[in-house]
Amino acid sequence: MIWTHPRVETLTTDLKGTYRIDHAPYHDGPGLSSSDLKNALISYGYYSYKKEADEESTPALEFGQAFHMAILEPELFAARYVVAPDVDKRTTVGKAAWAEWSKANEGKEVISAKNSELLKILSENVHAHPRWDVLKNLQPEIMACHTCPETGLFLKCKSDLFGAAIVDFKTAICAAPWEFNKAVTRYGYHISSAFYQDVVRAVTGETMPFVHVVVEKKPPYGVAFYTLNDDYLAEGRKLYRAAIKRILRWNALPDEKKALH
């Protein structure tokens with residue numbers, strides 16, 4: 001099936017389907033994501049804090065966003081990111097050169113030469129992988145969302161690639177199977193996989209495989225593909241549904257009692 005995904009600038013709870021949406025309106029908009037559900041499994045305090053807090057920009061987050069764009073939308077990456085020049089801003093000449101460069105590149109994201117070279121290697125290795133011939137036909141950064149008829153909660157998920165499969169890219173030091181297995185439970189990949197599959201099924205009527213693409217950010221910069229077995233997915237589904245039950249219970253409590261949970 002060829003999917004069409006209208007672009008939305010604002011996320012609202014009356015939406016149901018698959019859409020193109022930028023990161024900021026998706027993150028800041030209403031609805032429960034798999035990250036929210038994983039936070040709810042920790043405590044109400046942690047869930048509510050992460051839900052209300054502004055997204056903190058960190059070097060890891062900034063690199064992750066650049067990583068995804070370099071692989072999935074290289075033309076947009078080239079237009080948005082620029083490498084900072086190597087000038088000594090302590091000198092008069094360096095200050096002038098930096099000011100001229102900054103003015104010429106106003107509005108663009110600055111990336112270091114080291115990270116630019118690393119992203120070049122990672123994207124080339126992904127694009128050279130035999131499975132990329134299939135993935136490159138999928139569409140990047142697609143959101144699925146709907147209001148669950150059973151709970152009344154607005155649920156959302158955003159795939160790195162979407163089409164015949166739901167695809168999620170991750171970086172890691174090592175992409176070996178035993179390291180990935182540890183990461184599944186440490187980071188709740190099984191929770192995300194089950195949740196994404198269920199939300200996508202609710203809005204499309206299709207059950208799609210969830211594919212994890214792990215890219216090593218250290219030599220030899222390997223690329224590995226993983227899908228979780230039924231046992232992992234069943235456990236992930238059990239956990240995210242338990243999180244939803246917690247949130248429904250919290251929503252029914254007065255504010256002074258929520259903090260006790």
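Scroll up a little and you will see the structure.
J.: Any chance you could break down the overall build of the protein for me, citing the residues and the numbers?
T.: Helix and strand counts for the protein stand at 12 helices and 8 strands. Here the C-alpha atoms of the protein give a radius of gyration of 20 Å, agreeing with the 18 Å that 2.2 N^0.38 yields for 261 residues. Each of the three principal axes of the protein carries a C-alpha extent, and together these read 65 × 45 × 35 Å. Considering only intrachain contacts with a sequence separation of at least 6, the fraction spanning at least 24 residues in the protein is 67%. As displayed, the protein offers around 14,800 Å² of accessible surface, 53% of which is attributable to carbon and sulfur atoms. Side-chain charges of the protein comprise 32 positive and 33 negative groups, with the mean position of each set lying 4 Å from the other.

J.: Could you give an account of the layout of surface pockets, with specific residues and numbers?
T.: Volume-wise, the second largest pocket comes out at about 340 Å³. Lining the second largest pocket are 13 residues; nearest its centre among them are C148, E150, L155, Y240 and R241. Those elements that provide at least two residues to the lining of the second largest pocket are helix 10 (189–204) and helix 11 (230–251). Here the element with the most residues in the lining of the second largest pocket is helix 11; it accounts for 4 residues. Taken together, the residues that form the lining of the second largest pocket break down as 7 nonpolar, 2 polar and 4 charged.

Cut-off values and rules
Residues numbered from 1 in each chain as written. Predicted model: local features only at pLDDT ≥ 70, side-chain atom pairs only at ≥ 80, totals over all residues. Heavy atoms only, no water. Helix = DSSP H or I, 4+ residues; strand = E, 2+ residues; numbered from the N terminus. Rg over C-alpha atoms; globule rule 2.2 N^0.38 Å. Contact = heavy atoms within 4.5 Å. Areas by Shrake-Rupley, 256 points an atom, 1.4 Å probe, with all protein chains shown as cover. Lys, Arg positive; Asp, Glu negative; His and termini not counted. Charge placed at Lys NZ, Arg CZ, Asp CG, Glu CD. 1 Å grid on protein atoms, 1.4 Å probe; cavity = no way out; pocket = protein on both sides within 12 Å on 5 of 7 lines; lining within 4 Å. Points joined across faces, edges and corners; volume = space filled by probe spheres on them. Nonpolar A, V, L, I, M, F, W, Y, C, P; charged D, E, K, R; others polar.

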